[in-house]
Amino acid sequence: VRAVLAPSYPRAYNVTWKSTNFKTVLTWDPKPSHLYSYTVEFFRKVDQDQRRINPHCIRSSFPQCDLSNSLTELRSSYMAEILSEPPLGETSELTEFPYSRSPRFCPYNDTDIGKPDFKLEVSADKKKTSLFVTDPLTALFKDGRQLNIRDIFSDQLMYKVTYRKNKSTGKKEHISKTNVIELTNLDQGESYCFSIQAYIPSRTITKQLGEESQFQCSEENSSILKDYSPVVIFVAVLFILLLVGSIIGATVACCKHRRKVLQKEKEAVPLASI
């Protein structure tokens, strides 16, 4: 009589944390089939005996688990284990199931920061350009209010501005500790383009900068001296002068001719008899 072997469940691989603005999802391969499922256990690295399970990630048929609201201690380092188990509702003779362990993950230090929105304003005298930055929202809530990245990072959060003259490739940078950024060292009347990204210098180098925003450009003051070259301007002025001169010359010639005609007509009229 042959022994009946217990079913084999594939071990998860490519275990990866994907996190932006504290929206944190643990992903892995392969996708489960009707023959097996996954359960995720997570724990703080310093306290591996106290394991927790997200209720949405028990005997799951999806190769991912959203732990955004489960990793509540943002400065702690977490790890997770993905257990390969029988499908929901089925049993197995196995007492221990194959599992894979995730890399370490610290929400505060490792979540990516998304691109911020900002509004661009130029003062009436063109001497100051102001950028008004809106802090990106996170996936976290407190007392019914959705938190933004400033709520979490406080004064650790800065913004890096990259700017250049429109149609130019040379770039300059500016670091600001506040959400209102004023630039006064720009050439008046020139159009400048700006992009902004979050900057957290307390993090490791690869995680200090957030996603860069789209460039926004200020309007350029229209000037004929900027729009056309001196040669073009000279030719245009010369043409206008010649045109005006021609019109004046034609007008003068016409007036002289008219006077001559009137004079001849006057002379041709006989004097009245007395």
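Values in this document were obtained by computation on a predicted structure and should not be read as measured data.

Enquirer: Explain the sheet that holds strand β7 (residues 99–101) to me, using residue names and the numbers behind them.
Expert: Taken together, the four strands give an open sheet; going across it, the order is β4-β3-β6-β7, and neighbouring strands pair in antiparallel fashion. At either end of the open sheet lies a strand with only one pairing partner, and these are β4 (47–53) and β7. Taking each pair of neighbouring strands and ignoring which way they run, the sheet shows an average axis angle of 30°. Where strand β3 (residues 37–44) lies against strand β6 (residues 78–85), eight bridges are found, and the strand directions are antiparallel. Paired with Phe43 across the strands is Met79, a residue of β6.

Enquirer: Tell me about the packing of aromatic side chains, residues and numbers included.
Expert: Centre distance and the angle of the planes are the two values used to describe a pair of aromatic rings. The tally for this structure, following the rule as stated, stands at nine aromatic pairs. Residues Trp17 and Phe105 carry aromatic rings whose centres are separated by 4.9 Å and whose planes lie at 15° to one another, so their mutual orientation is stacked. Of this pair, Trp17 sits in strand β1 (residues 13–20) while Phe105 sits in the loop between β7 and α1 (107–110), placing them 88 residues apart in sequence. Comparing Trp17 with Phe105, the two get one shared label, buried. Ring centres of Trp28 and Tyr38 lie 5.4 Å apart, and the angle between their planes is 80°; on these two criteria the pair is classed as edge-to-face. Note that Trp28 is positioned in strand β2 (residues 23–29) and Tyr38 in strand β3, a separation of 10 residues in sequence. Overall, Tyr38 belongs to the buried group, its relative accessible area being 0%.

Cut-offs applied
- Position labels on residues start from 1 in each chain and follow its written sequence.
- Local features in this predicted model are restricted to residues of pLDDT 70 or higher, and side-chain atom pairs are both shown and tallied only at a pLDDT of 80 or more, whereas totals for entire chains, interfaces and linings draw on every residue.
- Calculation of side-chain values draws on the structure's entire complement of heavy atoms; hydrogens and water are dropped beforehand.
- Strands qualify as paired when DSSP identifies two bridges or more between them.
- Going along the chain from the N terminus, every DSSP run of H or I of four or more residues is numbered as a helix, and every run of E of two or more is numbered as a strand.
- In this analysis an axis means a line fitted to C-alpha atoms, helices contributing only their contacting stretch, and an angle means the value between N-to-C directions, from 0 to 180 degrees.
- We call Phe, Tyr and Trp rings a pair once their centres come within 6.5 Å, taking the six-membered ring for Trp, and we label the pair stacked below 30 degrees between planes, edge-to-face above 60, and tilted otherwise.
- Three exposure classes are used, based on accessible area relative to the maximum for each residue type with a 1.4 Å probe and protein chains only: buried under 20%, partly exposed in between, and exposed over 50%.

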